[in-house]
Amino acid sequence: MFKDCFFTELIFLNKNDIFKRALILAVPMMIQNGITNAVGLVDNVMVGSQGTEAITAVSIVGQLIFVFNLAVFGGLSGPGIYGAQYYGQKNTKGFQSTVRIKHWIGFSVLVLGLVLFIVGKEFLIGLYLKGESSEIDPALTMELAKQYLNIMLWGLPPFVITQVYAGSLRETGASFKPMIAGVISVAADVVGNNLLIYGKLGFPRLGVRGAAIATVIARVIEAVIVIAWAFAARKKHTFLIGIYKTMLIPKKTAGEILKKSVPIFLNEFLWAGGIAALTQCYSLRGLDIIAGLNISNALCNLLNVVFIALGNAVGILIGQTLGASRYEQAKSDAFRLMWFTGGISAALTVILVCVSGAFPNLYDTSELVRGYAKNFIVITALFFPLQGFLNALYFTLRSGGKTLVTFLFDSVFSWVVSVPAALLLCNLTTLPILVIYAVIQALDFIKVTVGYTLIRKGVWISNIVGEK
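This structure is a prediction, so every number in the text was calculated from the model and none was measured.

(A) Spatial organisation of a nonpolar patch on the surface. On the surface, a cluster of nonpolar side chains totalling about 490 Å² of accessible area is made up of Phe 107, Val 111, Val 115, Ile 118 and Val 119. Position of Ile 118 relative to the elements: it lies in helix α3 (residues 92-126). Using a relative accessible area of 53% as the deciding quantity, one classes Ile 118 as exposed.

What follows is the structure, encoded as C-alpha cells:
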C-alpha cells in the first residue's frame, strides 16, 4: 500500500512539475506587466481627472501605440521561437544569431512606425472622431491626442531595445531581471505623473503632456537597467559575450528565421490593427463609446497580463521541449497548460465582475460613459476563460514554428470575420452597442474549436532547429 501511494504521489508531482515551471517563468512576467499596467491604470485615472476629452484622446493614441507595440512583439517573436529551441539545444551561436536578427527587425519596425505616426497622425486620430457626441468636443480631443502622440514617439526607441533584451533573457528562463527593471521604471512613471500632470512641487501643470513625458522617462530608465544588468552578468548570459563583434547573420540561418518571422510579424500587426479597427467601428455609435471602452480596457488589461504571461511561458517551455526532441512530453504538457491557463482565467472573471460597478466612478466623466464602462467590463470578464485558453492554444501552435497556421488562425480571422461583422452590425442594424460587443467576443469560439482540433492532431509538433 505504501509503495502504491508513493508512486501515485510521485506521478502527481511529475505531472504538476510543468505547472510549477510555467508559474516560475510566468509570475515575474505577470508582476512586471501587471505593475506596468497598474501604472497605466493610475495614469488613466489621473488623466481621467482632466475631463472626457482627455480620456478619449489618450485612448485613441493608446490604440495606435498598441498596434506599434504588437508589431514589435510580432517581429521579435519569430526569432524568439528559434531562441527558445536553440537554448533547449544548448546552441549558443544559434541563439546569438536570433539576438542579432532581433536588432535588425526591431530597428526596421521602429523606423517604419515613426514615419507613419509623424506623417499620418492627424488622419489616424481622425478615424476615431467620426461618431457623434453631445458631451465631447472633437476639436479639443484632436489637439490633446496630437500633443500626447508627439511626446510618446520619443519613448518608442527605448521600448524596442528593451523588448530585444528582455525577450532574449526570458528565452533563457531569466525573467526576473526584466521584472525588476519594469518595477523601477513604473515607480519613476508614478512619480513623474504626479509631478507633471498636476504640477506638484513646483513642476509645470502639463495634463496629458505630463503623462506622456513621464512615460517616456520611464521607458528610458527601463531600457538602461535591462541592458546594464544583462551585461553585468554576461558570464552567466554567455550569449552576450561578443554579441556586437558582428551584426551579420549566416545567410541560411537568417533565411530560416525570417521565413518563420514574417508571418508572425504580419499576424501581430494585422491582429492589433484589427483590434484598432473594431474600436473604430464601435466609435461610429458615438464618442462616448470610446471613453467607456478606455475605462474598461484600463481595468481589464491589468488582469489579462495573467493569461498573457502564461501564454508566453507556454510558448517558451513547449519550444524548449521541442528543441530537445521530446515530442510526446511537449504534446502532453501543451494540453495540461491550456486547461490550467483557462482555469486561472475563470478566477479573474469573478474579480472583474465584482469591481465593475465601483471602478468607473474614479473617473470625472458622465454617467453615460460610466454605464458603458461598467457593462464593457462585465462582458469582457465573462469571456476571460475563453481568452485564456485561446492564448495558450495560440502559443502552443507557434512554439513548433507553425507561423502560417497562426497567421490564418489569428489575424486573418480578425479581418475576415470579426471586423466585417462589427462593421455590418454597427452600420446596418439597430442592435445596442453592448450586444454587438458581446457578439464579436463570442466569435472567438470558432477559433478555439479550430485551434483545439489542430492541437489534437499534432500538426504543430516540430523541432525547427534540427538535431544537435
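The structure having been displayed, the exposition proceeds.
(B) Broad picture of empty space enclosed by the protein. Scanning the model with the defined rule gives 2 cavities of 30 Å³ or more in all. Mapped by element, the contributors of at least two residues to the lining of the second largest cavity are α2 (52-89), α5 (156-171) and α7 (208-232). Residues that form the lining of the second largest cavity fall into these classes: 5 nonpolar, 3 polar and 1 charged.

(C) Spatial organisation of the environment of Tyr 148. Within the secondary structure, Tyr 148 is located in helix α4 (residues 138-152). Considered as a pair, Tyr 148 and Ile 213 are 65 residues apart in the sequence and their alpha carbons are 8.7 Å apart.

(D) Layout of the nonpolar core. Counting residues in each nonpolar core, the largest one holds 71 residues, and the members touching the most others are Tyr 282, Leu 352 and Ile 440. For this core, the element with the highest residue contribution is helix α9 (residues 287-323), accounting for 19 residues. Beyond its immediate sequence surroundings of up to four residues, Ile 440 is in contact with Leu 278, Tyr 282, Ser 418, Ala 421, Ala 422 and Leu 425. Among the nonpolar cores identified, the runner-up in size contains 61 residues, and Ala 71, Leu 76, Ile 101 and Ile 151 belong to it.

Conventions we followed
Residues numbered from 1 in each chain as written. Predicted model: local features only at pLDDT ≥ 70, side-chain atom pairs only at ≥ 80, totals over all residues. Heavy atoms only, no water. Patch = residues over 30% accessible without salt bridge, like charges linked within 9 Å, V, L, I, M, F, W, Y side chains within 5 Å. Areas by Shrake-Rupley, 256 points an atom, 1.4 Å probe, with all protein chains shown as cover. Salt bridge = Lys/Arg side-chain N within 4 Å of Asp/Glu carboxyl O. Helix = DSSP H or I, 4+ residues; strand = E, 2+ residues; numbered from the N terminus. Buried < 20%, exposed > 50% of the residue type's maximum accessible area, 1.4 Å probe, protein only. 1 Å grid on protein atoms, 1.4 Å probe; cavity = no way out; pocket = protein on both sides within 12 Å on 5 of 7 lines; lining within 4 Å. Points joined across faces, edges and corners; volume = space filled by probe spheres on them. Nonpolar A, V, L, I, M, F, W, Y, C, P; charged D, E, K, R; others polar. Core = buried A, V, L, I, M, F, W, Y, C linked by side-chain atoms within 4.5 Å. Contact = heavy atoms within 4.5 Å.

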